[in-house]
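# Coordinate inspection notes
Residues per chain, in single letters:
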Amino acid sequence: MAILTNSKPGVGAVYPSNAIDAELQRLEPMVGPYQIRTRHLFGLDLVSKMRDSITKKPMVMTDAIIQDIIIGAISQAETECMIDISPVQRREKYPFDRQAYESFGYIKTLHRPVNSIQKLSVTPANNIDVFTLPLDWVEVAYFHRGQINIIPMTAAFIQGGMVPASTAGGAIFFAIMGNRSWIPAYWQLEYITGYPDSTVPRIVNELIGTIAAQEILSMLAATNAGNNSHSLGIDGLSQSVSTPGPEIYKNRYNELAEKRAGLVKKIKSLYDRKIFSSHV
């Protein structure tokens with residue numbers, strides 16, 4: 001992808017975090033209709049009891065329909081886990097905070113997982129870069145937490161502030177900045193989030209597949225709503241037949257719902273997205 005050029009990647013893989021080699025394959029292509037049928041809906045007949053108004057044949061859950069549902073499931077998974085799955089190029093602005101600055105320019109990105117960083121600059125409201133930091137100064141060891149730090153290769157410390165010595169203009173600029181405690185929308189960061197090369201962790205695929213399978217079961221249950229029972233009577237003889245109707249999908253749907261909740265918690269914890277609250 002073009003957006004992946006001229007950027008600085010992390011010290012290792014996006015998943016497992018910072019891995020440079022692994023014996024077990026934990027990444028795989030994005031889940032498709034075949035995986036939905038075999039992993040999540042194995043043994044279930046994906047045919048509706050409703051008939052097509054034109055062909056008069058039962059409506060079938062085709063691969064094209066399942067693929068469209070998967071696209072929606074990806075978006076839903078991103079929202080629930082507060083992460084990006086497909087690569088996204090972003091430009092965001094962050095305030096200058098003196099305490100964070102003295103902690104080696106600590107910045108916490110708004111989106112995760114971070115794939116690579118393209119540019120970090122000081123850009124005022126006119127959107128003209130005043131100073132662009134060399135990417136060599138940007139520490140990427142904590143990308144999995146959405147954290148970056150500024151560590152100049154050659155640095156002098158003046159009055160508790162960090163001053164780059166390799167560029168005269170930069171040294172003057174940072175010295176002035178060090179006298180401020182807080183400046184809004186000061187840093188401008190361009191970076192890329194998501195999983196590269198169209199491969200995702202198996203656990204993420206499991207969540208996408210679970211969400212898609214729930215949507216499929218919900219659609220099939222709705223089209224079976226009127227088929228719980230029927231009776232036939234001829235010359236005083238009658239026969240009644242009862243079928244599960246939409247209940248046939250209920251157990252599997254509930255199992256998937258429980259699995260979905262657990263997967264969301266696990267994925268959030270991978271990228272420090274769990275939110276705690278207290279009344280204390």
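Residues numbered from 1 in each chain as written. Predicted model: local features only at pLDDT ≥ 70, side-chain atom pairs only at ≥ 80, totals over all residues. Heavy atoms only, no water.

## Digging into the packing of aromatic side chains
According to the stated counting rule, one finds 3 aromatic pairs in the structure shown. On the numbers, 5.9 Å between centres and 55° between planes, the contact of Phe 96 with Tyr 186 is tilted. Placement of Phe 96 in strand β5 (residues 88-97) and of Tyr 186 in strand β13 (residues 182-193) is noted, with a sequence separation of 90 residues between them. For the pair Phe 96 and Tyr 186, one class covers both residues: buried. Summarising the aromatic geometry, the rings of Tyr 186 and Trp 187 are spaced 5.9 Å apart at their centres and angled 90° between planes, so their arrangement reads as edge-to-face. Note on Tyr 186: relative accessible area 13%, which makes it buried. Residue classification places Trp 187 among the buried positions, given a relative accessible area of 3%. A connected cluster of aromatic rings, assembled from ring pairs, spans Phe 96, Tyr 101, Tyr 186 and Trp 187. (Phe/Tyr/Trp six-rings, centres within 6.5 Å; stacked < 30°, edge-to-face > 60°. Helix = DSSP H or I, 4+ residues; strand = E, 2+ residues; numbered from the N terminus. Buried < 20%, exposed > 50% of the residue type's maximum accessible area, 1.4 Å probe, protein only.)

## Quick look at the nonpolar core
Ile 85, Tyr 195, Ile 208 and Ile 216 are the most contacted members of the largest nonpolar core, which has 35 residues in total. Every element with two or more residues in this core is listed here: α2 (63-81), α5 (202-223) and α6 (250-270). Take this core: its biggest share by element is 11 residues, from α5. Discounting residues that sit within four places of it in the chain, Ile 85 has contacts with Met 30, Ile 74, Ala 77, Glu 78, Gly 194, Tyr 195, Val 200, Val 204 and Ile 208. The next biggest cluster of nonpolar side chains, apart from the first, holds 21 residues, and it includes Trp 137, Ile 150, Ile 183 and Leu 189. (Core = buried A, V, L, I, M, F, W, Y, C linked by side-chain atoms within 4.5 Å. Contact = heavy atoms within 4.5 Å.)

## A short note on the sheet that holds strand β10 (residues 147-150)
Strands sit in the order β6-β10-β9 across an open sheet of 3 strands; the sheet is antiparallel. The sheet terminates laterally at β6 (107-108) and β9 (138-139), the two strands that pair on one side only. (Pairing = 2+ DSSP bridges.)

## Focus: the confidence of the model for the chain
For the chain, the mean per-residue pLDDT works out to 83, and 78% of the residues sit at or above 70. Low pLDDT (under 50) marks residues 155-169, which in the prediction has 25 contacts with non-local residues, meaning those over four places away or in another chain. (pLDDT = per-residue confidence, 0-100.)

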